[in-house]
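Overview (structure and organization)
Read off the chains here:
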Amino acid sequence: MVALTTMRWWVALPGPDESLGSLVARAAAFFECDAGWLWANLLEGRTDIDMDDPPAAVLVRLARATGIAARALQGHRLADAPGLLARNARSAYCPVCWAEQGGEVPSQQRSWMGCFRTVCEVHGAPLMAWRPHKRAVPLPLPSFDQTDRDILELIDRFGRTLEGALVHGEPWPEDWKGDAMAARTMLLRVCFNYDAEAHFAPVSDVVATRALRPFIHGPLRIIDSKKRVCWEDFRRIADPAVRRAALWLVAWRVMPGLEDRFRPGWFRD
């Protein structure tokens, strides 16, 4: 049997903003194997190299496997940073993009991998968490009324503003409470359980409208107490619905003058 390291990976060219990890995942779908296994096979057993940001020597090896010039692949690298999801949590996808592609695995965009990103920049659709071997969210998406759309826009705007302040050093809005670091700390406190015993995290109390519930919710299980929480814990939250709920809850506490229709947990229909 010919080793996969010497085989050509039958995979289409990466899209304009597609990550290298997404390229590997699409190749793995062709071989009907796990992306991590295919990546380790390419690297002769190594599992410590980030497939989104491989060093030059590994990029050359990937180029040989895919038949795509290393120079062309170079522009799809994504260096790890605090503002990005952890390597194993980068599963966000746009259901509209997935439907348009018509493939088995959605092409994942680098712009979806930020900790504070919750919508697709192309379609404006809320991002979802890709779960292998499960059906994607059926289209069309639920019909959102004006309040639904306004809530999604509010969460996206708050997330982008927080990202701008924390990652890019942009100014914090003068009329918002606290500062970016205080909002960051609040995100951790609503996402994890600080009680002495196992309990639901505060973000689990968030309740959205019926149409938004698949897209905004907290963890659906009791979690153990966590006395010390660091930013890496938030980076490991793969489901955009949970991060979206947390951003909404913090936005409600930080942004003054919001109407009651923006209150997390207001809806009980």
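Here is a short report on the structure shown in this document. (Residues numbered from 1 in each chain as written. Predicted model: local features only at pLDDT ≥ 70, side-chain atom pairs only at ≥ 80, totals over all residues. Heavy atoms only, no water.)

Observations concerning the overall build of the chain
- Of regular secondary structure, the chain possesses nine helices and two strands.
- For the chain, the sequential pattern of α-helices and β-strands runs α-α-α-α-β-α-β-α-α-α-α.
- Compactness check: the chain gives a C-alpha radius of gyration of 20 Å against a globular reference of 18 Å for 269 residues, within 12% of the reference.
- C-alpha extents for the chain along the principal axes are approximately 65 × 40 × 40 Å.
- A buried classification covers 51% of the 269 residues belonging to the chain.
- Across the chain, contacts joining residues at least 24 apart in sequence account for 67% of those joining residues at least 6 apart.
- Summed over all atoms, the accessible surface of the chain reaches about 14000 Å², with 53% contributed by carbon and sulfur. (Helix = DSSP H or I, 4+ residues; strand = E, 2+ residues; numbered from the N terminus. Rg over C-alpha atoms; globule rule 2.2 N^0.38 Å. Buried < 20%, exposed > 50% of the residue type's maximum accessible area, 1.4 Å probe, protein only. Contact = heavy atoms within 4.5 Å. Areas by Shrake-Rupley, 256 points an atom, 1.4 Å probe, with all protein chains shown as cover.)

Topic: the pattern of salt bridges
- Evaluation of the coordinates by the stated rule reveals 19 salt bridges.
- Across the pair Glu 163 and Arg 117 runs a salt bridge whose closest N-O atoms are separated by 2.9 Å. On the criterion of sequence distance, the pair formed by Glu 163 in helix H6 (residues 146-167) and Arg 117 in the loop between helix H5 (95-101) and strand S2 (128-129) is long-range, its members being 46 residues apart. Each member of the pair, Glu 163 together with Arg 117, is buried.
- Each of Asp 50, Asp 52, Asp 80, Arg 90, Glu 232 and Arg 235 takes part in one network of salt bridges that share partners. (Salt bridge = Lys/Arg side-chain N within 4 Å of Asp/Glu carboxyl O.)

A closer look at the side chain of Ser 19
- Following the sequence through the fold, Ser 19 ends up in the segment before helix H1 (20-31).
- Side chain to side chain, Ser 19 and Asp 52 meet in a polar contact 3.5 Å long.
- Residue contacts for Ser 19: discarding those within four places in its chain leaves Asp 52, His 76, Gln 108, Arg 110 and Met 113. (Polar contact = N/O pair within 3.5 Å; in protein donor to acceptor, adjacent residues only side chain to side chain.)

A short note on the packing of aromatic side chains
- Evaluated as defined, the whole model comprises eight aromatic pairs.
- Centroid distance Phe 116 to Trp 231: 5.7 Å. Interplanar angle 25°. Geometry classified as stacked. Separated by 115 residues along the polypeptide, Phe 116 in the loop between H5 and S2 and Trp 231 in helix H8 (residues 231-235) bring together distant segments of the chain.
- Ring geometry for Phe 144 versus Phe 215: centroids 5.7 Å apart, planes at 80°, classification edge-to-face. In this pair, Phe 144 sits in the loop between S2 and H6 while Phe 215 sits in the loop between helix H7 (180-191) and H8, placing the two residues 71 residues apart along the sequence. (Phe/Tyr/Trp six-rings, centres within 6.5 Å; stacked < 30°, edge-to-face > 60°.)

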